[in-house]
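For reference, the chains in residue letters:
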Amino acid sequence: MTAPLLEVRDLTKRYVSGGLLQGQKKTVYAVNGVSFDLLPGETLGVVGESGSGKSTVGRTILRLVPATGGAVRFGGADVFAATGAALKALRRRMQIIFQDPFSSLNPRMTAGAAVAEGIEIHRLLPRREIRARVAALFLEVGLDPVYIPRYPHECSGGQRQRIGIARALAVDPSFIVCDEPVSALDVSVQAQVLNLLADLQRRRGLAFLFIAHDLAVVRQLAHRIAVMYFGRIVELGTTEAVIGRPLHPYTRALLSAVPEPDPVRQRARIVLAGEPPKPTAPPPGCPFASRCFHPRRDARCTTELPPLRPIDGSVVACHHADEWPDGSTDSSLTMLR
Amino acid sequence: MTELLDVRDLRIGFPLAGGRTVFPVDGVNLQVGRGETVALVGESGCGKSLTSLALLRLVPPPGSIMQGSRILLDGTDVMALGAEALRQVRGRRIGMVFQDPMTSLNPVLTVGAQVREAVTAHRRLKSSEAKARAIALLGEAEIPDPAGRYDSYPHELSGGLRQRALIAIALAGEPDLLIADEPTTALDVTVQAQVLELLDRLRATRGMAVLLITHDLGIAAGRADRVAVMYAGQIVEEAPTARLFTAPGHPYTRALFRSIPRLDSAVERLAQIPGGVPSAEAWPGGCRFHPRCSEVLARCAAEVPPVVDEGGGQSARCWLPAEGRR
């Protein structure tokens, strides 16, 4: 068996908010014990709604924000313990693509300079070879090298996202966190960028942590999917299993809420009541209990936090995940008409 | 049948620095019947939001609605209205809900005060009556504990509840038409489903028409009776929803469908539309979609295609059906 490229164990992130003029200090529980492995060349999709902690997971792994607890190993090296040259070497191999390339690119830096920056910082090439390398990267991401001297504001959203991808590729990473990489793009451009990411993965053997709120988009690239709710992974399994045979009630609700672009094949809609608990006040039991519609939900759900446990090849954090009245068959794709 | 809203040849111009004028909305025809939900679908920059603002004559300066544009609301010529009559249209006949409830609500006023303001803008009521009416509207927008939320400030509410508060404000004038411009784009999918259900119920109980502006074909498919697809300032296809999705008539509509990732059918590669959405300064000549079209004909680059009625309420602005070659 292949050794995992990335091992995340019990990752935790808490913020303290408030204080000075903003009322009482409160602890925000952003990520509450997230663990998973990622294989070389694999895509793990992370889905969840805003506040689920999915972006924070990506950022803490890269040490863009410090974790409160837990451990991350990348290629066997302890990411949180690394310093100096070892940390710099790790950072070269772990890159990120952001949602909005307009705010992640320096407006005063040309597209070419943005892509060349990483090569210069890591001294990967002699100065005279950088130009040709940048041009090759532009071609690799489907950008005409005429854009090299252009500034971000002179480029379209899709072109800016390609610049962001070329910038990440410039240092030849083996792992890229893709944080909502297509959600700011128009539908017609979104497909271009998703196809590009798939091509790059195949060609370069890249591993992706693909973070998105849109399950249909995640499905397009992910080999496995982790569903996050309230800072925890509540279900993790192969893409086929999570989409075709969802076991956590939240996964079922999320699937049923994805707008289906076909008026004939509308899914039975599970419309959740209420909203997630406040991140400053984690409930004692299952964080989904306040919105749950599982027919077998009971008092235990509000008192006892369900741990992730293996069911049918997935792992699920629900006391009643194996007690759906419809067995393991899928309910979310039932036809209405 | 007389339509509630009848828009003909709507053209919106913006002067450029060099004395040139661009037309981000360029000849839009759109009808909405009473109690009907019509979705106006398109990508960013296609002119769909500007179109909806024009219905209230709220096109931001220096833009203006060009001569020859016609907007009829229940037979009334909106283009000819004076300031006071226009005030009766805005908020009263036509309600509006915008994408981002945080920027549409006043952060220093309570939610209740803002709903009450909308109530008294169109009707003279005693203070206690206005408050009772505002609470009733918050309840109608399905805000839990409406009397308790009346005194909440917008920042104390979640995104979903803020959007419901905006809907309550839009309902205050008892409008015949509700324009909802990307009403759920800023919301999570599960909350989005709640808000769309609410709009659907309100339409049914109040007999209100809804013009739903969205970039999401999935939302249009689930909620609209008819869909109009916009591209580069024009409506390129219009059809009853079922028909649009089963037999799309315009190559742009077909290409959009193929490029959307689906939950229930895995494809190795998504079909992509080459290039990007053009800006109003550079609408291509002939058919505006022709540089990106996979079904392009020789004449598409040179000649503006006619709007072809394909029967069954479907029409497409394309040379293919015009030439009977589809």
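Only a predicted model underlies this, so the values are computations on that prediction, with no experimental measurement involved. (Residues numbered from 1 in each chain as written. Chains lettered and ligands numbered in written order. Predicted model: local features only at pLDDT ≥ 70, side-chain atom pairs only at ≥ 80, totals over all residues.)

1. Concerning the overall build of chain A
The line we're drawing: Only runs of H or I of at least four residues qualify as helices and only runs of E of at least two qualify as strands under DSSP, and these elements are numbered from the N terminus. Here the globule rule is a power law, 2.2 Å times the number of residues to the power 0.38, and the radius of gyration is based on C-alpha atoms. By the convention adopted here, residues make contact when the C-beta atoms placed from their backbones lie within 7 Å.
Counting secondary structure elements, chain A contains eleven helices and twelve strands. Compactness check: chain A gives a C-alpha radius of gyration of 21 Å against a globular reference of 20 Å for 337 residues, within 12% of the reference. Overall size of chain A, expressed as C-alpha extent along the three principal axes, is 70 × 50 × 50 Å. Expressed as a percentage of contacts within chain A between residues at least 6 apart in sequence, the contacts between residues at least 24 apart total 64%.

2. So, the overall build of chain B
This is how it is decided: Working definition of burial: number of other C-beta atoms within 10 Å of the residue's own, with buried at 20 or more, exposed at 12 or fewer, and partly exposed in between, all C-beta atoms being placed from the backbone.
For chain B, the helix and strand inventory stands at twelve helices and 13 strands. For 326 residues, the compact-globule formula gives about 20 Å, and the C-alpha radius of gyration of chain B, at 21 Å, lands near that figure. Dimensions along the principal axes, computed over C-alpha positions, put chain B at roughly 70 × 50 × 40 Å. Taking all 326 residues of chain B together, the buried fraction comes to 49%. Put simply, of all contacts in chain B between residues at least 6 apart along the chain, 62% involve residues at least 24 apart.

3. Looking at the interface of chain B and chain A
As a reminder of what qualifies: Put simply, Ala, Val, Leu, Ile, Met, Phe, Trp, Tyr, Cys and Pro go in the nonpolar bin, Asp, Glu, Lys and Arg in the charged bin, and everything else, Gly too, in the polar bin.
Every contact between the two is made by 38 residues of chain B and, on the other side, 36 residues of chain A. Among the secondary structure elements, those contributing two or more residues to the side of chain B that touches chain A are α8 (189-206), α9 (217-223), α10 (241-246) and α11 (251-259) of chain B. Class assignment for the residues of the side of chain B that touches chain A results in 18 nonpolar, 13 polar and seven charged.

4. What about the environment of A113 of chain B?
The topology assignment puts A113 of chain B in helix α4 (residues 111-122). Residues A113 of chain B and T205 of chain B, spaced 92 residues apart in sequence, show a C-alpha to C-alpha distance of 25 Å.

5. Let's talk about the packing of α4 of chain B against helix α5 (residues 127-140) of chain B
Residue and element names in this part refer to chain B. Heads up, the rule is: Helix axes use the C-alpha atoms of the stretch in contact, all axes being lines fitted to C-alpha atoms, and the angles between their N-to-C directions lie in the range 0 to 180 degrees. The scheme is simple: roughly parallel for angles under 35 degrees, roughly antiparallel for over 145, roughly perpendicular for 65 to 115, oblique for anything else. What makes a crossing left-handed is the near helix being turned counterclockwise from the far one by less than a right angle; a clockwise turn instead makes it right-handed.
Here α4 crosses α5 at 110°, and the two axes come no closer than 9 Å. As the angle between them shows, α4 and α5 are arranged roughly perpendicular. Seen along the crossing, α4 lies across α5 with a hand that is right-handed. From α4, G112, V115, R116, V119 and T120 reach across to α5, where they touch A130, K131, R133, A134, L137 and L138. Counted by class, the contact of α4 with α5 contains six nonpolar, two polar and three charged residues.

6. A word on the pairing of strand β7 (residues 175-179) of chain A
Residues and elements named next belong to chain A. Going by this rule: When DSSP finds at least two bridges between two strands, those strands are taken to pair.
Within β7, five of the five residues are buried, which leaves it mostly tucked inside the rest of the structure. Along β7, one buried face is formed by F175, V177 and D179 and the opposite face, lined by I176 and C178, is buried too. Sheet topology note: the strand β6 (residues 94-97)/β7 ladder contains four bridges and is parallel. Directly across from I97, in β7, lies its bridge partner C178.

7. Focus: the domain arrangement of chain A
All names here are of chain A. Here is the rule we go by: The split into domains, and so the bounds of each, comes from an automatic or database assignment of domains.
We note that the domain assignment places domain 1 (6-222) and domain 2 (249-316) within chain A. The gap between the C-alpha centroids of domain 1 and domain 2 is 29 Å. In this assembly, nine residues from domain 1 lie in contact with seven residues from domain 2. If one sorts the elements of the side of domain 1 that touches domain 2 by residue count, strand β2 (residues 26-38) sits on top with five residues. Each residue belonging to the side of domain 1 that touches domain 2 can be placed in one class, and the counts come to six nonpolar, two polar and one charged.

8. Brief notes about the domain arrangement of chain B
Often the size quoted for an interface is simply the accessible area lost on bringing the parts together. Residues and elements named next belong to chain B. Under the domain assignment used here, chain B contains domain 1 (5-93 + 184-191 + 199-277) and domain 2 (105-174). Inter-centroid distance (C-alpha atoms) of domain 1 to domain 2 is 27 Å. Between domain 1 and domain 2, the contact holds six residues from the first and eight residues from the second. A per-class count over the side of domain 1 that touches domain 2 returns four nonpolar, one polar and one charged.

9. A closer look at α5 of chain B
The condition that has to hold: Given a helix with a known number of residues, its expected span is that number minus one, times 1.5 Å.
Between the first and last C-alpha of α5 of chain B there are 20 Å, a value that for 14 residues agrees with the 20 Å anticipated at 1.5 Å per step. Two residues or fewer past α5 of chain B, E142 of chain B is found with a positive phi of approximately 60°.

10. Concerning unusual backbone geometry
A negative phi angle is the norm for most residues apart from glycine, just as the trans form is the norm for most peptide bonds. All names here are of chain B. Cis geometry is adopted by the peptide bond preceding P62, which originates at P61 and carries an omega value of 10°. The topology assignment puts P62 in the loop between α1 (48-55) and β4 (64-65). Phi at D9 is positive, roughly 50°, even though this residue is not glycine. Mapped onto the elements of the fold, D9 is located in strand β1 (residues 5-15).

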